[in-house]
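Reading the structure
Each chain, written out:
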Amino acid sequence: MPYSTQPTASHFIDGQYVDDTAGDVIEVIYPATGKVIARVHAATPAIINQALTSAQRAQKEWAAMTGTQRGRVLRRAADIMRERNRDLSVLETWDTGKPLSETLYVDATSAADALEYFGGLAGSLTGEHIPLGNGDFVYTRREALGVCVGIGAWNYPTQIAAWKGAPALACGNAMVFKPSETTPLCALKVAEILHEAGLPAGCYNVIQGMGAVGAALVTDPRVAKVSLTGSVPTGRKVYAAAAAEMKHVTMELGGKSPLVIFDDADLESAVSGAVLANFYSSGQVCSNGTRVFVQRGIRKAFVARLIERLKTGVVLGDPMDEATNFGPMSNARQLEIVERYLRQGVAEGATLAHGGNRVGNEGFYIEPAVFTDVTDDMSIAREEIFGPVMSVLDFDTEEEALTRANATEFGLAAGVFTADLTRAHRMVAGFEAGTCYINTYNLAPVEAPFGGSKGSGVGRENSKLAINHYSEMKSVYVAMNPCEAPF
Ligand code: NDP
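Residues numbered from 1 in each chain as written. Predicted model: local features only at pLDDT ≥ 70, side-chain atom pairs only at ≥ 80, totals over all residues. Heavy atoms only, no water.

Across the interface, helix 10 (residues 267-278) lies against helix 11 (residues 296-313) with an axial gap of 10 Å and an inter-helix angle of 60 degrees. Classified by the interaxial angle, the pair formed by helix 10 and helix 11 is oblique. Judged by the twist between their axes, the crossing of helix 10 over helix 11 is right-handed. Here Leu267, Glu268, Ala270, Val271, Ser272, Ala274 and Val275 of helix 10 lie close against helix 11, whose contacting residues are Ile298, Ala301, Phe302, Arg305, Leu306 and Arg309. Across the contact of helix 10 with helix 11, the residue classes tally to nine nonpolar, one polar and three charged. (Axes fitted to C-alpha atoms, helices over the stretch in contact; angles between N-to-C directions. Helix = DSSP H or I, 4+ residues; strand = E, 2+ residues; numbered from the N terminus. Parallel < 35°, antiparallel > 145°, perpendicular 65-115°, else oblique. Left-handed = near helix turned anticlockwise from the far one by under 90°. Contact = heavy atoms within 4.5 Å. Nonpolar A, V, L, I, M, F, W, Y, C, P; charged D, E, K, R; others polar.)

Shown next as structure tokens:
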């Protein structure tokens with residue numbers, strides 16, 4: 001790894017890199033080769049304590065600054081991120097295996113967007129004045145929660161670190177962030193840049209570790225809020241642990257989202273939507289529209305054009321080569337999961353119409369795969385795979401498509417492609433999902449709320465709504481008259 005991009009120790013606490021070699025060794029594996037590129041140590045109880053103590057101390061100083069001052073730090077950090085976009089993108093590629101042709105455009109850049117957006121909002125976070133009778137009034141104070149914990153998944157390590165950190169810091173909180181053990185490097189750089197931009201030491205700490213470190217953070221009484229990006233089973237555990245002490249939560253969890261394509265949709269555009277909904281980041285995107293419902297009249301043409309586009313357009317290879325647009329799976333375990341679902345799909349009677357073969361002798365490469373003849377009861381149509389596996393399902397009527405689209409425990413995202421404006425809005429109103437798309441898919445600008453309904457989560461990230469999840473209102477009744485009592 002080039003020296004300039006490599007973090008210099010396992011953890012970032014109180015404004016500096018620190019290590020405790022007593023912690024278990026976590027090997028960082030480059031997904032394109034399967035080789036170890038770095039080693040970090042999991043946080044020991046001493047490191048966990050150090051991070052929380054430093055966050056608790058620093059938060060008071062940070063919250064006492066004006067919103068404008070806090071915002072200035074975040075916006076400066078956004079500028080530094082943009083200046084170093086290439087280095088940060090290379091690091092994201094080392095960490096995840098996602099091709100540089102993606103990471104240059106969506107990782108550090110979207111992290112910078114979040115820092116800039118919430119930095120811009122910080123100065124305008126206020127309470128309100130509520131006039132009452134007799135001159136009495138109530139005013140509300142928007143206050144920080146205190147120490148927030150962020151726990152990340154491995155698919156967007158830079159973005160997740162910033163999507164949680166930016167609103168938390170804008171509101172005057174401090175954060176302790178634990179990245180996924182498979183992608184530990186990028187969040188360290190986010191912490192380094194924030195402090196370089198003027199964040200007081202201790203306001204944003206990163207510590208490494210497996211689930212046990214996350215669990216220790218979630219249950220610590222010093223922690224006021226937990227924001228998790230991860231799978232539904234982990235979400236259930238973390239939510240329950242946080243609930244035991246009545247902590248605030250944001251849960252960004254998995255999905256099995258529907259993408260409904262009607263006969264009247266523009267074919268080329270619908271195929272593009274399905275590609276974006278299934279194969280970007282080698283399919284490792286939580287909001288992916290992996291159940292692609294295609295109306296029977298357009299189905300044949302859709303599948304033919306989709307496969308043609310995959311055959312001619314996919315450039316699978318070295319992620320550092322900017323011509324590559326399809327990288328490996330991010331880790332060996334995820335590759336195994338994808339291969340298991342490919343076997344299961346065939347065993348349950350679906351047709352593997354394209355792809356699904358392992359590629360090369362090293363790294364975790366697998367071709368994008370398309371199943372047709374999929375029915376709603378098959379495992380590949382019910383369970384989140386988190387890989388490049390698209391299921392094409394046929395349907396006849398709008399009503400049928402909506403009922404089947406909603407027949408899932410998940411509710412993260414949903415999309416519709418149609419030329420009929422009223423139908424598009426009808427479908428979106430009917431979708432049981434938090435993040436919906438009309439004639440596009442998987443875009444997540446910081447200005448828009450992002451998150452799931454039903455089993456896919458609680459709360460929203462991004463947009464002004466995220467402020468409510470990182471602050472709370474104190475209501476203050478001010479009497480302008482003598483206080484009266486009944487006796
Ligand atoms: P996991 O649920 O396995 O892990 C998520 C994080 O939680 C990791 O850092 C993990 O640590 C940690 N963790 C595991 N157990 C516990 C515990 N008991 N207490 C506290 N923390 C714990 O998810 P993956 O990392 O495999 O990521 C893939 C999942 O994330 C998919 O389901 C995907 O849909 C979802 N996701 C959701 C997004 C959204 O915004 N809705 C976005 C991106 C992904 P470790 O793994 O290091 O042991």
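There is more to say after this.
A few words now on the packing of aromatic side chains. Going through the model one piece at a time under the given rule, you end up with eight aromatic pairs. Relative to phenylalanine 450, the ring of tryptophan 163 has its centre 5.8 Å away and its plane inclined at 65 degrees; by these criteria the two rings are edge-to-face. Placement of the pair is tryptophan 163 in helix 6 (residues 157-170) and phenylalanine 450 in the loop between strand 18 (435-438) and strand 19 (457-458), with a sequence separation of 287 residues. A relative accessible area of 6% means that tryptophan 163 is categorised as buried. For the pair phenylalanine 262 and phenylalanine 395, a centre-to-centre distance of 5.3 Å together with 90 degrees between the ring planes defines the contact as edge-to-face. With phenylalanine 262 in the loop between strand 12 (258-261) and helix 10 and phenylalanine 395 in strand 16 (residues 389-395), this pair connects stretches of sequence that are 133 residues apart. Exposure class is identical for phenylalanine 262 and phenylalanine 395. Each is buried. It is lysine 225 that lies over the ring of tyrosine 470; its NZ or CZ is 4.3 Å from the centre. Stacked on the ring of phenylalanine 262, the Lys or Arg arginine 423 has its end atom at 3.9 Å from the ring centre. (Phe/Tyr/Trp six-rings, centres within 6.5 Å; stacked < 30°, edge-to-face > 60°. Buried < 20%, exposed > 50% of the residue type's maximum accessible area, 1.4 Å probe, protein only. Lys NZ or Arg CZ within 6 Å of the ring centre and 35° of its normal.)

Across soluble globular proteins, nonpolar side chains have a tendency to be buried as a group. By size, the foremost hydrophobic cluster in this structure holds 74 residues, and its most contacted members are Phe118, Leu194, Tyr204 and Phe302. Among all residues touching phenylalanine 302, those that are not within four sequence positions of it are Ile261, Leu267, Ala270, Val271, Ala274, Val292, Val294 and Val392. Phe262, Ile337, Ile380 and Leu393 belong to the second-largest nonpolar core, a separate cluster that totals 30 residues. (Core = buried A, V, L, I, M, F, W, Y, C linked by side-chain atoms within 4.5 Å.)

Time to look at the state of the cysteines. Cysteine pairs can be covalently joined through their sulfur atoms, and such a bond is termed a disulfide. Summed over all chains, the structure comprises zero disulfides. Free cysteine cysteine 148: the closest other cysteine sulfur is in cysteine 171, separated by 8.4 Å. A residue is classified by how much of its surface remains accessible, and cysteine 148, at 0% relative accessible area, is buried. (Disulfide = S-S within 2.5 Å.)

Turning our eyes to something else, we now look at the site of the ligand. Lining the immediate environment of the ligand, one finds 28 residues, of which Glu181, Ser231, Thr234, Leu253 and Glu384 sit closest. Serine 231 is positioned with one of its side-chain polar atoms (N or O) 2.7 Å from an oxygen atom of the ligand. Secondary-structure elements contributing two or more residues to the shell around the ligand are helix 8 (211-219), strand 10 (223-229) and helix 9 (232-244). In terms of residues, the shell around the ligand owes the most to one element, helix 8, which gives three residues. When its residues are assigned to classes, the shell around the ligand shows 13 nonpolar, eleven polar and four charged. (Near = heavy atom within 4 Å. Polar contact = N/O pair within 3.5 Å; in protein donor to acceptor, adjacent residues only side chain to side chain.)

Another aspect to go through is helix 14 (residues 398-406). All buried positions along helix 14 are accounted for by Ala401, Arg404, Ala405 and Asn406. The inward-facing, buried residues of helix 14 contact strand 12, strand 13 (291-295), strand 16 and helix 15 (421-430).

Its identity is not glycine, yet serine 281 carries a phi of approximately 50 degrees, on the positive side. By the element assignment, serine 281 lies in the loop between helix 10 and strand 13.

This part covers the environment of isoleucine 29. Tracing the backbone shows isoleucine 29 in strand 3 (residues 25-30). Contact partners of isoleucine 29, with chain neighbours within four places excluded, come to Gly34, Lys35, Val36, Ile37, Trp94 and Phe364.

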